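# Per-entry structural report
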Amino acid sequence: MVSSRLKEWFQGGVQPIAHLLLNIGLRPNHLTLIGVLASTLSALCYLNLHRSPWMPLAASMLLLLSGLMDALDGVLARLRGAASPLGGLLDSIADRYSDAVVLASITVAGLCPPIHGLAALAGSLLVSYSRARAEVEGVSMAGVGIAERGERILLLSASTLLTYIKAEALPLGILLLALLTHITVLQRILHAYRALKS
């Protein structure tokens, strides 16, 4: 919903950056790999969150960088005329690994109750799966749901930064993420049900 509109606005605004990346020879898959690397480094920061006062900032910024690369790779693919089903598949799989490694590291590091971390991880994966499965049946899921990937990244990044003010911000953010992702799955099920029934 919100992230779909933000993504459209963002993609229009980053055309000059995409042209620059195109001119220096970067390809969409390069950006996808940079995004996965950024999320992996973010996960390492979460695993060491209490070792340095800089870790929450680093974890948050790397997470945002991962989201930025995810948005930019599609823009670059269209500019190169290289958008393809294979590229879309690889991008989607990379996004799921990125989501999983970050949420798993937060849970393993004990930064939230394990049940909340597992619920957020399952919800994040099911948000994607529900879209993919519905679209196989011909139901468009673009913009359906309150917690698409853009919202999830912004929520997690913001709650991480808020730990500088209140230590409980991150576990509360994970709990909210768990609730919102499962609400999004229900929204998508209802949307698909209505579309398929009609």
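What you see is a predicted model; the values in this text were computed from it and never measured. (Residues numbered from 1 in each chain as written. Predicted model: local features only at pLDDT ≥ 70, side-chain atom pairs only at ≥ 80, totals over all residues. Heavy atoms only, no water.)

For the protein, the helix and strand inventory stands at eight helices and zero strands. The C-alpha radius of gyration of the protein comes to 17 Å, within 12% of the 16 Å expected for a compact globule of 198 residues. Expressed along its principal axes, the backbone C-alpha trace of the protein runs to roughly 50 × 45 × 25 Å. Counting over 198 residues, the protein shows a buried share of 41%. Put simply, of all contacts in the protein between residues at least 6 apart along the chain, 80% involve residues at least 24 apart. (Helix = DSSP H or I, 4+ residues; strand = E, 2+ residues; numbered from the N terminus. Rg over C-alpha atoms; globule rule 2.2 N^0.38 Å. Buried < 20%, exposed > 50% of the residue type's maximum accessible area, 1.4 Å probe, protein only. Contact = heavy atoms within 4.5 Å.)

Turning next to the pattern of salt bridges. A side chain with one charge can pair with a side chain of the opposite charge if their charged atoms come near. By the definition in use, this model includes ten salt bridges. In this structure, Asp-99 engages Arg-96 in a salt bridge whose closest nitrogen and oxygen atoms are separated by 3.4 Å. Taken together, the positions of Asp-99 and Arg-96, both in helix α5 (residues 85-108) and three residues apart, correspond to about one turn of that helix. Measuring nitrogen to oxygen at the nearest pair gives 3.1 Å for the salt bridge that ties Arg-131 to Glu-135. Of this pair, Arg-131 and Glu-135 are both found in helix α6 (residues 114-136), four residues apart, which corresponds to roughly one turn of the helix. Relative accessible area serves as the criterion here: at 29%, Arg-131 is assigned to the partly exposed category. Look at Glu-135 and you get partly exposed, because its relative accessible area is 36%. Beyond isolated ion pairs, a larger network of salt bridges with shared partners links Asp-70, Asp-95, Arg-96, Asp-99, Arg-149 and Arg-152. (Salt bridge = Lys/Arg side-chain N within 4 Å of Asp/Glu carboxyl O.)

Now for the side chain of Asp-99. Residue Asp-99 is classed as buried on the basis of its relative accessible area, which comes to 9%. Looking at Asp-99, its side chain comes within polar contact range of the side chain of Arg-152, at 3.2 Å. (Polar contact = N/O pair within 3.5 Å; in protein donor to acceptor, adjacent residues only side chain to side chain.)

On to helix α7 (residues 149-161). Taking 1.5 Å as the rise per residue, α7 with 13 residues should run 18 Å; its terminal C-alpha atoms sit 18 Å apart, in good agreement. Those residues of α7 not exposed but buried are Arg-149, Glu-151, Arg-152, Ile-153, Leu-156, Ser-157, Ser-159 and Thr-160. (Expected span 1.5 Å × (residues − 1).)

Next up on the list: the packing of helix α2 (residues 15-23) against helix α4 (residues 55-80). Following both chains from N to C, one finds α2 and α4 inclined at 65°, their axes separated by 9 Å at the closest point. If you check the angle between α2 and α4, you find them roughly perpendicular. Here α2 runs over α4; the crossing is right-handed. The residues of α4 that touch α2, namely those facing Gln-15, Ile-17, Ala-18, His-19, Leu-21 and Leu-22, are Leu-72, Val-75, Leu-76, Leu-79 and Arg-80. Looking at the contact of α2 with α4 residue by residue, the classes come out as eight nonpolar, two polar and one charged. (Axes fitted to C-alpha atoms, helices over the stretch in contact; angles between N-to-C directions. Parallel < 35°, antiparallel > 145°, perpendicular 65-115°, else oblique. Left-handed = near helix turned anticlockwise from the far one by under 90°. Nonpolar A, V, L, I, M, F, W, Y, C, P; charged D, E, K, R; others polar.)

Tyr-46, Leu-103, Ile-106, Leu-156, Leu-170 and Ile-174 are the most contacted members of the largest nonpolar core, which totals 18 residues. Elements with a minimum of two residues in this core: α3 (28-47), α4, α5, α6, α7 and α8 (169-197). A total of four residues in this core trace back to one element, the largest contributor, which is α8. Counting residues in hydrophobic clusters, the runner-up holds eight residues, among them Leu-31, Met-69, Leu-72 and Leu-76. (Core = buried A, V, L, I, M, F, W, Y, C linked by side-chain atoms within 4.5 Å.)

Turning our eyes to something else, we now look at the confidence of the model for the protein. Per-residue confidence for the protein gives a mean pLDDT of 90, with 94% of residues at or over 70. Ranking the helices and strands of the protein by mean pLDDT puts α8 first, with 97, and helix α1 (residues 2-13) last, with 62. (pLDDT = per-residue confidence, 0-100.)

Our next topic: the environment of Leu-64. Within the element layout of this structure, Leu-64 appears in helix α4. Residues within four places of Leu-64 in sequence aside, it is in contact with Ile-153, Leu-154 and Ser-157.

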